[in-house]
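# Results of the structural survey
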Amino acid sequence: MATHRRVLQWLENELFDGNLVLGQQLPSDKDLASVLGVNRGTMREALKILEAQGVLRLYEGSRKTILPMLVREPAASAGPALQLHMATADYPLRDIVQTRVLLETWALTNADHRSPAMAELRTLLREMGRDDISLKEFHHLYVSFHIALVKSADNTLVAALMSALRDSIYEYTMALVGHVPLWSKTVDRIRAEHQAIFSAVLAGDNTLAARLVEEHIEYQYVEAGVDPERAPRTDGMETVGPTTGPLASGRVWSNGAQPADSTAEQSPVKEAVALQVARNSGHDVDTPGDSAAVQSLPADDDIPEDFAAGRDERRTG
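In short, a report on the structure. (Residues numbered from 1 in each chain as written. Predicted model: local features only at pLDDT ≥ 70, side-chain atom pairs only at ≥ 80, totals over all residues. Heavy atoms only, no water.)

## Points about the overall build of the protein chain
Of regular secondary structure, the protein chain possesses 13 helices and four strands. The buried share among the 317 residues of the protein chain stands at 52%. Sequence separation of at least 24 residues holds for 68% of the intrachain contacts in the protein chain that already meet a minimum separation of 6. Entry remark: accessible area of the protein chain is about 14400 Å², with carbon and sulfur atoms responsible for 50%. (Helix = DSSP H or I, 4+ residues; strand = E, 2+ residues; numbered from the N terminus. Buried < 20%, exposed > 50% of the residue type's maximum accessible area, 1.4 Å probe, protein only. Contact = heavy atoms within 4.5 Å. Areas by Shrake-Rupley, 256 points an atom, 1.4 Å probe, with all protein chains shown as cover.)

## Regarding the environment of Arg166
Along the chain, the position of Arg166 falls in helix α9 (residues 166–176). The buried category is assigned to Arg166, whose relative accessible area is 10%. Sequence separation between Arg166 and Gln53 is 113 residues; the distance between their C-alpha atoms is 7.4 Å. Residue contacts for Arg166: discarding those within four places in its chain leaves Ala52, Gln53, His140, Val143, Ser144 and Ile147.

## Here we look at the side chain of Arg191
Mapped onto the fold, Arg191 is located in helix α10 (residues 183–202). Residue class for Arg191 comes out buried when judged on its relative accessible area of 11%. Separated by 2.7 Å, the side chain of Arg191 and the backbone oxygen of Met128 make a polar contact. (Polar contact = N/O pair within 3.5 Å; in protein donor to acceptor, adjacent residues only side chain to side chain.)

## Description of unusual backbone geometry
At Asp154, a position not held by glycine, the phi torsion is positive, near 55 degrees. Here Asp154 shows up in the loop between α7 (135–151) and α8 (156–164).

## Some remarks on the packing of α7 against α10
Interaxial distance between α7 and α10 falls to 12 Å at its minimum, and their mutual angle equals 20 degrees. Here α10 runs roughly parallel to α7, going by the angle between their axes. Both α7 and α10 take part in a crossing whose hand is left-handed. On α10, the residues that touch Leu135, Phe138, His139, Tyr142, Phe145, His146 and Leu149 of α7 are Trp183, Val187, Ile190, Arg191, His194 and Ile197. Broken down by class, the residue content of the contact of α7 with α10 amounts to nine nonpolar, three polar and one charged. (Axes fitted to C-alpha atoms, helices over the stretch in contact; angles between N-to-C directions. Parallel < 35°, antiparallel > 145°, perpendicular 65-115°, else oblique. Left-handed = near helix turned anticlockwise from the far one by under 90°. Nonpolar A, V, L, I, M, F, W, Y, C, P; charged D, E, K, R; others polar.)

## Quick look at the nonpolar core
With 49 residues, the main nonpolar core has Leu108 and Tyr172 as its most contacted residues. Of all elements in the fold, only α5 (93–109), α6 (117–128), α7, α8, α9, α10 and α11 (206–224) reach the threshold of two or more residues within this core. With nine residues, the single largest contributor to this core is α7. Residue contacts for Leu108: discarding those within four places in its chain leaves Leu149, Ser152, Ile197, Val201, Asn206, Ala209, Ala210 and Val213. (Core = buried A, V, L, I, M, F, W, Y, C linked by side-chain atoms within 4.5 Å.)

## Points about the pairing of strand β1 (residues 56–60)
Sheet topology places β1 next to strand β2 (residues 66–70); five bridges connect them, and they run antiparallel. For Leu56, the partnering residue across the bridge sits in β2 and is Leu70. The loop that links β1 with its antiparallel partner β2 comprises five residues; one of these, Arg63, has a positive phi angle of about 55 degrees. (Pairing = 2+ DSSP bridges.)

## A word on the pattern of salt bridges
Throughout the structure, instances matching the rule amount to 13 salt bridges. Across the salt bridge formed by Arg40 and Asp29, the nearest N and O atoms sit 3.0 Å from each other. Taken together, the positions of Arg40 in helix α3 (residues 40–52) and Asp29 in helix α2 (residues 29–36) put the pair eleven residues apart, joining distant regions of the chain. Arg40 sits in the partly exposed class, given a relative accessible area of 29%. Residue Asp29 is classed as buried on the basis of its relative accessible area of 0%. Arg100 is the partner of Glu104 in a salt bridge, and the nearest nitrogen-oxygen pair spans 2.9 Å. With a gap of four residues between them, Glu104 and Arg100 both fall in helix α5, about one helical turn apart. For the pair formed by Glu104 and Arg100, the shared burial category is buried. One network of salt bridges, in which partners are shared, links Glu127, Arg130, Asp132 and Glu137. (Salt bridge = Lys/Arg side-chain N within 4 Å of Asp/Glu carboxyl O.)

## Things to note about the packing of aromatic side chains
A complete count under the given rule lists two aromatic pairs for this structure. Arranged with centres 5.7 Å apart and planes meeting at 85 degrees, the rings of Phe138 and Trp183 form a pair that is edge-to-face. Of this pair, Phe138 sits in helix α7 while Trp183 sits in helix α10, placing them 45 residues apart in sequence. Judged by relative accessible area, Phe138 falls into the buried class, the value being 1%. On the basis of an interplanar angle of 45 degrees and a centroid distance of 6.0 Å, the ring pair of Tyr172 and Tyr221 is categorised as tilted. Of the two residues, Tyr172 sits in helix α9 while Tyr221 sits in helix α11, which places them 49 residues apart along the sequence. Accessibility assignment for this pair places Tyr172 and Tyr221 in one class, buried. (Phe/Tyr/Trp six-rings, centres within 6.5 Å; stacked < 30°, edge-to-face > 60°.)

Set out below in structure tokens:
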């Protein structure tokens, strides 16, 4: 079991036994490492993960120690037990995908473009656009981006539920990397689609944003040839060849194909991404099929600088 999950287990037991309360100061990183029998460096990394999940706040103590504190805010304290359960339970990949689509499409349908989460999304877009980013860091930021999207609806409980899925989403998206034809193309597509989703929210077109995120989530499996109905959520995922199966939305796909009720020209992901890339390149945009909402998407400082690089090879999915 990963160290941060062991810490969650310890926190759950201590809360249940009444030894801890929300908002309480915890032992230092050095003392926690001793309690759980791990080295201090491993414990520090575990505490950082838990801080990202919203379970803890970290403060600098004396003698270079780190002092963790349990949070007391509702969104973050929806329960270490829930965090632990969602992180370790062996849910089928299909269930994780369907839950993501449910939470993220609802959140974007109800998103507020004035939400504080928009600043977080902008920062994450820039971080994900770095040339020197590692595979693991990219996927951690990927998950953070989607959690921030849900935060834009300003519903603390829904945001907490999405945060509880952090580990599960990270694990299966990392596992999909080995199944895509070319990761460099995939990372370009993800960046462009993230930008299109963000821009739709910023423009106030929540309906488009919800459609974009649904197709974005589902296309990951189409591209990798992985059927969520049949695949486990670990590195042992098996591709299914030309087998046809349902997406989380109920549409049907066959390996690498668009959903049965859609064409390449009709895909809102392709429309929005193509428009963003064209605008970023300085080309005139005159696409009859674009909706007025798509045409209103902002195109200047909201696009990471490296989006223009390699646009001729970008696969828009």
